[in-house]
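Next come the chains, spelled out residue by residue.
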Amino acid sequence: MSINPALIPSTPSVKLLIGGRFVESATTEWRDVINPATQEVLAQVPFATDDEIALAVQSAKEAFKTWRKTSIGTRARIFLKYQQLICENMQELAAILTAEQGKTLPDAEGDVFRGLEVVEHAASIGNLQLGELANNVATGVDTYTLMQPLGVCAGITPFNFPAMIPLWMFPMAIACGNTFVLKPSEQDPMVTMRLCELAMEAGVPAGVLNVVHGGERAVNALCDHADIKAISFVGSTKVGTHVYNRATLAGKRAQCMMGAKNHAIVLADANKEQSLNAIAGAAFGAAGQRCMALPVVVLVGEAQTWVPEIVEKARALKVGSGTEQGVDVGPLVSRAALDRVSSLIEQGIAQGARLELDGRLPQVPGYETGNFVGPTIFSGVKPGMDIYEQEIFGPVLSLVGVDTIDEAIEFINRNPNGNGTAIFTQSGAAARKFQEDIDVGQVGINVPIPVPVPVFSFTGSRASKLGDLGPYGKQVVMFYTQTKTITERWFDDSTVAQEVNTTISL
Ligand code: NAD
């Protein structure tokens with residue numbers, strides 16, 4: 001924690017968004033937002049007070065009274081305008097994102113772009129929020145459904161996709177007619193706030209979108225608040241489990257997308273060059289800080305001889321500041337992350353894995369204080385080792401060798417996580433067996449990071465998720481709406497008066 005930025009005029013403060021206004025927090029708790037490549041303090045983010053959080057929820061509750069009745073066309077046009085504003089400001093958004101999070105500029109644009117796709121989907125909400133009608137369920141009686149918004153919804157987001165993940169949440173919730181309170185990651189809230197400014201510019205009415213900042217206290221306040229009807233969370237398994245338990249105990253809907261340990265299988269018949277490139281990108285891109293990264297590769301049979309080539313691909317990647325051209329691997333988000341990843345690498349060595357490539361302490365001229373770890377590869381990794389059991393969330397790849405595809409599938413299914421997986425092969429039969437038998441919610445076939453586009457939904461499974469419906473796409477329309485079922489009968493003047501009917505049939 002540090003002092004109020006009002007006392008340091010050169011350091012900007014991150015604002016709260018309450019009732020349509022970007023306001024300075026009155027809190028005494030602040031945290032630095034730090035450029036992970038340089039350690040420069042970019043801004044200070046407040047930990048909102050309990051009163052500010054209550055005010056944000058109250059303003060969302062007030063705004064819901066009118067927003068829930070806003071026409072489909074009005075809602076759609078706001079998101080069409082928002083889409084245009086995000087496109088027009090893409091480079092600025094990516095630059096802010098890279099400065100506070102560290103990923104390379106092209107990767108930062110990708111982060112914004114994957115969120116933009118959700119905004120585009122939100123603009124077509126009229127097609128998604130359709131009820132059903134059954135004619136003559138009894139003679140002269142129809143039954144139909146309305147998908148009505150819930151009220152105030154809240155979102156809690158992680159540091160690793162500070163543009164995409166907030167955009168998974170508030171556009172869909174708002175497009176469905178809800179109002180929203182967002183709690184971005186306190187590590188990199190600046191690009192999220194710029195996206196919220198653009199949302200207001202696009203015409204989101206005052207109170208419909210609110211933002212509070214903070215950590216555990218703010219999250220608990222949102223989980224407990226009686227006026228919040230649903231919580232969408234993305235982050236670690238530990239925190240997501242806590243949020244799910246606390247929010248559902250308080251009677252809310254909750255969906256929690258959580259940690260991962262994604263495995264790929266490589267068969268020897270795979271297209272070698274394509275597969276090696278895909279693995280290097282998925283294991284080390286964004287410095288391994290993607291929930292759909294590939295930190296474990298299971299080499300089957302002859303593919304076990306590919307280790308030297310995997311190492312060569314990884315060694316060729318350039319480590320550096322995300323602002324520099326040609327860089328493949330940026331810094332880790334924080335000093336704490338750097339320490340955690342370094343210590344896990346030490347554990348890997350101590351517990352007997354073979355260090356094929358050591359990425360610790362890379363030389364990055366001009367950025368000597370950055371939180372850098374270069375691509376690191378272990379072979380001979382086994383369950384029970386910390387580098388296998390924990391989500392490292394850094395550029396560290398574990399290689400495992402097995403003899404058959406059946407062993408590989410069993411190995412992956414024994415891991416509790418179920419976020420993503422991939423197979424590299426040219427055999428249709430092997431790929432089909434994999435997609436049938438693998439117990440993981442998102443499967444890539446020669447596609448290393450199979451994140452679905454928003455006409456589908458994100459469908460992580462098992463320990464990577466709590467709650468049944470996924471974020472964005474069709475599933476989230478179910479999450480953010482309550483189905484009301486109406487059964488109706490109309491009498492016209494010619495209807496013969498009937499005796500009072502005391503039976504329960506229609
Ligand atoms: P995190 O769990 O530390 O933080 C997520 C959010 O929870 C933040 O807004 C943070 O302020 C809040 N928080 C932190 N500690 C808390 C506590 N004790 N009580 C209540 N709230 C708390 O996650 P992170 O480090 O920001 O993000 C990385 C994690 O997110 C990884 O585990 C990654 O796999 C996961 N992730 C998952 C997905 C997915 O779709 N499954 C996507 C992206 C990231």
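Residues numbered from 1 in each chain as written. Predicted model: local features only at pLDDT ≥ 70, side-chain atom pairs only at ≥ 80, totals over all residues. Heavy atoms only, no water.

Right, let's get into the UniProt feature "domain: Aldehyde dehydrogenase" (unreviewed entry) in the protein. Here the UniProt-annotated "domain: Aldehyde dehydrogenase" (unreviewed entry) positions come out as residues 22–486. The span residues 22–486 is 40% helical and 21% strand by assignment, and the distance between its end C-alpha atoms comes to 41 Å. (UniProt positions renumbered as here; feature names shortened; annotations may be inferred. Helix = DSSP H or I, 4+ residues; strand = E, 2+ residues; numbered from the N terminus.)

Every one of the 29 residues lining the ligand counts as a neighbour, but Thr157, Lys183, Glu186, Ser236 and Glu391 are closest to it. The contact in question runs from an oxygen atom of the ligand to an N or O atom on the side chain of Glu186, over 2.6 Å. Between an oxygen atom of the ligand and a main-chain N or O atom of Gly235, the distance comes to 3.3 Å. Looking at the shell around the ligand, the elements with two or more residues in it are helix H6 (164–175), helix H8 (216–224) and strand S10 (228–234). Looking at side-chain class alone, the shell around the ligand contains 16 nonpolar, nine polar and four charged residues. (Near = heavy atom within 4 Å. Polar contact = N/O pair within 3.5 Å; in protein donor to acceptor, adjacent residues only side chain to side chain. Nonpolar A, V, L, I, M, F, W, Y, C, P; charged D, E, K, R; others polar.)

Moving on to unusual backbone geometry. The phi dihedral of Asn446 is positive, around 60 degrees, even though this residue is not glycine. Mapping Asn446 onto the fold places it in the loop between strand S19 (443–445) and strand S20 (461–462). You can call Asn446 partly exposed: its relative accessible area is 34%. In the Ramachandran plot, Arg462 falls in the positive-phi region, its phi being about 45 degrees despite a non-glycine side chain. Note on placement: Arg462 falls in strand S20. (Buried < 20%, exposed > 50% of the residue type's maximum accessible area, 1.4 Å probe, protein only.)

Take the nonpolar core next. By size, the foremost hydrophobic cluster in this structure holds 68 residues, and its most contacted members are Tyr82, Phe170, Phe180 and Tyr480. In terms of residues, this core owes the most to one element, H6, which gives ten residues. Those residues in contact with Phe170 that lie beyond four places of it in its chain are Tyr82, Phe180, Leu182, Cys196, Ala199 and Leu209. If you look at the next biggest cluster of nonpolar residues, it comprises 67 residues, including Ala37, Val296, Ala303 and Ile345. (Core = buried A, V, L, I, M, F, W, Y, C linked by side-chain atoms within 4.5 Å. Contact = heavy atoms within 4.5 Å.)

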